[in-house]
Amino acid sequence: MTLPDGWEMVVGLEVHTELKTTTKMFCGCANVFGAEPNTRVCAVCLGLPGSLPVLNVRAVELAMAIGSAVHSTISPSTFHRKNYFYPDMPKDFQISQYDLPINVGGYVDLPDGSRVSIERAHLEEDTGKSTHLGASGRIHGAERSLVDYNRSGVPLVEIVSGPDIRSSAQARLYASELRGILIATGASDGRMEEGSMRIDANVSVRHANEPFGTRCEIKNLNSLRSLGRAIDFEALRQIDLLNAGGVVRQETRHWDETLGATSTMRTKEEAEDYRYFREPDLVDLAPDLAWQERVRDGLGPMPAERRAALAARLNEPTSTQLDALQVVVDLGFDVLVAAALDADVDAGLVLARAANELAADAENIHSLTTDAFITTLLMEQNGELSATQAKTVLLELLAHGGDPRAIANAKGFEQLSADSLGDVVAALIQANPDEWSRFREGDEKLAQFFIGQVMKVTKGQANGKAVIAELNSRR
Amino acid sequence: MATPLRREDVAKVAKLARLSLSDEELDMFTEQLGQILEHANDIAALQLDDVVATAHPFGLINVMREDVLEPCLSRDDVLAMAPDSEDGRFAVPRIMGEAP
């Protein structure tokens, strides 16, 4: 989307990611998604009087891993209480980091060559989850609210970017690159749909090169799509407002995905309204250099490096293949893809199946062995399976595991033998003499016609390449 | 030197803490809190450039626990402490806005 002439948007993102620890940040309750409500709670995460928090060493380590991956300086830090009243936070304060965060500064380089600076990446605890009951289903108008504290106290890192982003496309690229980095560090599973990665966007507009305008913070961005749409909507809203002689109020706005619009949630609290003060129950955190180095050394290659390594194995990759590479790397399918390339499967085929079929069911990737993946693709490449059949076999392998040949047999994906394909082609040539003579005279478009006819007759069991080979042998 | 504490400062802090104070209480706390802040001013007046700020009486750093599971409380016990519950969750009066 382009903004009206002369306008520029200025965007900074706050990305919250839950950390993949075994237990919560300050107590030994399990950090799991989707458990029965209020079955992973104790005196600490319920904020019962007299309970005391003790910091989880793994949460610190993962926060340091994130900091290292985004080129932050790991620094001595402290914990503060951020005081506010809301039922999903039973202590009436959130333990967070304020003036001294664990990770200071840093940057993320994006695939388009731009760089987004990182101001800080600090540790804090997540809140519980409330469900609002009432006629409207929305928070406003709810009769009562139900609260589940399983998520209360789950460790989070909040990564705050500088106001360096200038378009919704760049915002999406940044969020997507950061998500890949978070997954690569092992700190996060990056699942936006489950809320383990959540984004707030600070949006303002200005005429190019003028000082920054007043910003609004948009909450509730649960997908990259919402992020892009919300930023565009908000920038245009502010421009319309300013053009009409109005002023932008600093406030927090809620994104409604269905309406495709942001609306005022509340006017922005001043930081002093949170009455931040040092958490007296926690001491300072100051990881020594040896520990920092161990964390840094433990990091594997980041997505940019891994994309480059895979891209180097492709011969002049197309933009579709580069997009597929990004998906493959973000989801951690590098090894699988590299093995398939080693096995001489066509690169385009490998990337397409990995970025589509495997990505569609990535959670079950553990059911798919490298051998089964390669075998399925080779069967497709050799014409034993049609594209549709190969996709079906892959999805079955993801869902239940097993042997690709056995699955193909069980599904009745009989290999269409060269003989029977030959018979089908011969019959079609006889039935379509005009098309056949035009094909013989060099009209290659008619190959698609014959492929379509063959697929119809064989109910999709033929392989397109095998059909072309058969046609050419009879030319 | 910090400006003296005003009555409206106390009223604002009380509001943020959801405390309802009478006029007499506001006067009383403005005076008492003012005395405490004045004491802080006495300290601020000292020459303390060489002293590192202290926020904790113990010189401890990096107090942490291993990432190991410990037993949780039983849900029945937990919900029994609440005034009201529904569907295994704490039931609270309707929420007027979203979390800050």
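Rules behind the numbers
Residues numbered from 1 in each chain as written. Chains lettered and ligands numbered in written order. Predicted model: local features only at pLDDT ≥ 70, side-chain atom pairs only at ≥ 80, totals over all residues. Heavy atoms only, no water. Helix = DSSP H or I, 4+ residues; strand = E, 2+ residues; numbered from the N terminus. Expected span 1.5 Å × (residues − 1). Buried < 20%, exposed > 50% of the residue type's maximum accessible area, 1.4 Å probe, protein only. Arc of directions from axis to C-beta. Contact = heavy atoms within 4.5 Å. Pairing = 2+ DSSP bridges. Buried area = accessible area lost by both parts, 1.4 Å probe. Salt bridge = Lys/Arg side-chain N within 4 Å of Asp/Glu carboxyl O. Polar contact = N/O pair within 3.5 Å; in protein donor to acceptor, adjacent residues only side chain to side chain. Nonpolar A, V, L, I, M, F, W, Y, C, P; charged D, E, K, R; others polar. Phe/Tyr/Trp six-rings, centres within 6.5 Å; stacked < 30°, edge-to-face > 60°. Patch = residues over 30% accessible without salt bridge, like charges linked within 9 Å, V, L, I, M, F, W, Y side chains within 5 Å. Areas by Shrake-Rupley, 256 points an atom, 1.4 Å probe, with all protein chains shown as cover. Domains from an automatic or database assignment.

## What to know about helix α2 (residues 23–44) of chain B
All names here are of chain B. Across its 22 residues, α2 extends 31 Å between first and last C-alpha, which sits within 8% of the 32 Å expected from 1.5 Å per residue. Restricting attention to buried positions, one finds in α2 the residues Leu 26, Thr 30, Gly 34 and Asn 41. Summarising the axial view, the buried residues of α2 lie within an arc of 70°, below the 170-degree limit, and thus occupy one face. Relative to its buried face, α2 has exposed residues pointing more than 90 degrees away, namely Glu 24, Glu 31, Ile 36 and Asp 42. Those residues of α2 hidden inside the fold are in contact with α1 (7–16).

## Re the pairing of strand β4 (residues 80–83) of chain A
Residue and element names in this part refer to chain A. Neither face of β4 is open: one carries His 80 and Lys 82, the other Arg 81 and Asn 83, and all of them are buried. Pairing of β4 with strand β5 (residues 93–96), which is carried by four bridges, proceeds in the antiparallel orientation. Within β5, the position partnered with Lys 82 by the bridge is Gln 94.

## A short note on the interface of chain A and chain B
How big an interface is tends to be stated in terms of the accessible area lost upon association of its parts. Every contact between the two is made by 65 residues of chain A and, on the other side, 40 residues of chain B. Around 4,300 Å² of area is buried between chain A and chain B when both sides are counted, 59% of it from carbon and sulfur atoms. Our enumeration of links across chain A and chain B arrives at four salt bridges. Where Glu36(A) meets Arg75(B), a salt bridge forms, and the shortest distance between an N and an O atom there is 3.9 Å. At the junction of chain A with chain B, the criterion picks out 22 residue pairs in polar contact (both at pLDDT 80 or more). Counting residues per element, the ones that place at least two in the side of chain A that touches chain B are β2 (55–56), α1 (57–69), β9 (129–133), β10 (144–148) and β15 (261–267) of chain A. Top contributing element to the side of chain A that touches chain B by residue count: β10(A), with five residues. Per-class residue counts for the side of chain A that touches chain B are 34 nonpolar, 14 polar and 17 charged. For β2(A) and strand β1 (residues 64–65) of chain B, the ladder comprises two bridges, and the chain directions are parallel. The residue of β1(B) that forms the bridge with Leu55(A) is Met64(B).

## Remarks on the sheet that holds β10(A)
The antiparallel open sheet is built from four strands, whose spatial order is β9(A)-β10(A)-β3(B)-β2(B). Two strands bound the open sheet, and with one partner strand each, they are β9 of chain A together with β2 (85–86) of chain B. Note that β9(A) and β10(A) share five bridges and pair antiparallel. Residue pairing across strands places Thr131(A) opposite Leu146(A), the latter belonging to β10(A).

## Focus: the pairing of strand β13 (residues 216–221) of chain A
Residue and element names in this part refer to chain A. The element β13 is largely enclosed, with a buried count of five among its six residues. One ladder, built from four bridges, connects strand β12 (residues 197–207) with β13; its direction is antiparallel. In the sheet register, Val 203 faces β13, and the bridge partner there is Cys 216. Sheet topology note: the β13/strand β14 (residues 251–256) ladder contains three bridges and is parallel. Bridge pairing in β14 places Lys 219 opposite His 254.

## Brief notes about the packing of aromatic side chains
All names here are of chain A. Evaluation of the coordinates by the stated rule reveals 10 aromatic pairs over all chains. Here the aromatic rings of Tyr 98 and Tyr 276 are separated by 3.9 Å at their centres, their planes lie at 10°, and the arrangement is stacked. Remark: Tyr 276 occurs in the loop between β15 and β16 (277–278) and Tyr 98 occurs in the loop between β5 and β6 (103–104); sequence separation between them is 178 residues. With a relative accessible area of 22%, Tyr 276 lands in the partly exposed category. Their ring planes at 85° and their centres at 6.0 Å tell us that Trp 436 and Phe 450 sit as a pair that is edge-to-face. Highlighted residues: Trp 436 in helix α13 (residues 433–440) and Phe 450 in helix α14 (residues 445–458), separated in sequence by 14 residues.

## Observations concerning a nonpolar patch on the surface
On the surface, a nonpolar cluster with roughly 350 Å² of combined accessible area is contributed by Val54(A), Phe58(B), Leu60(B) and Val63(B). Relative to the helices and strands, Leu60(B) resides in the loop between α2 and β1.

## A short note on the domain arrangement of chain A
As assigned here, chain A comprises domain 1 (7–297), domain 2 (301–410) and domain 3 (418–474). The distance between the C-alpha centroids of domain 1 of chain A and domain 3 of chain A comes to 58 Å.

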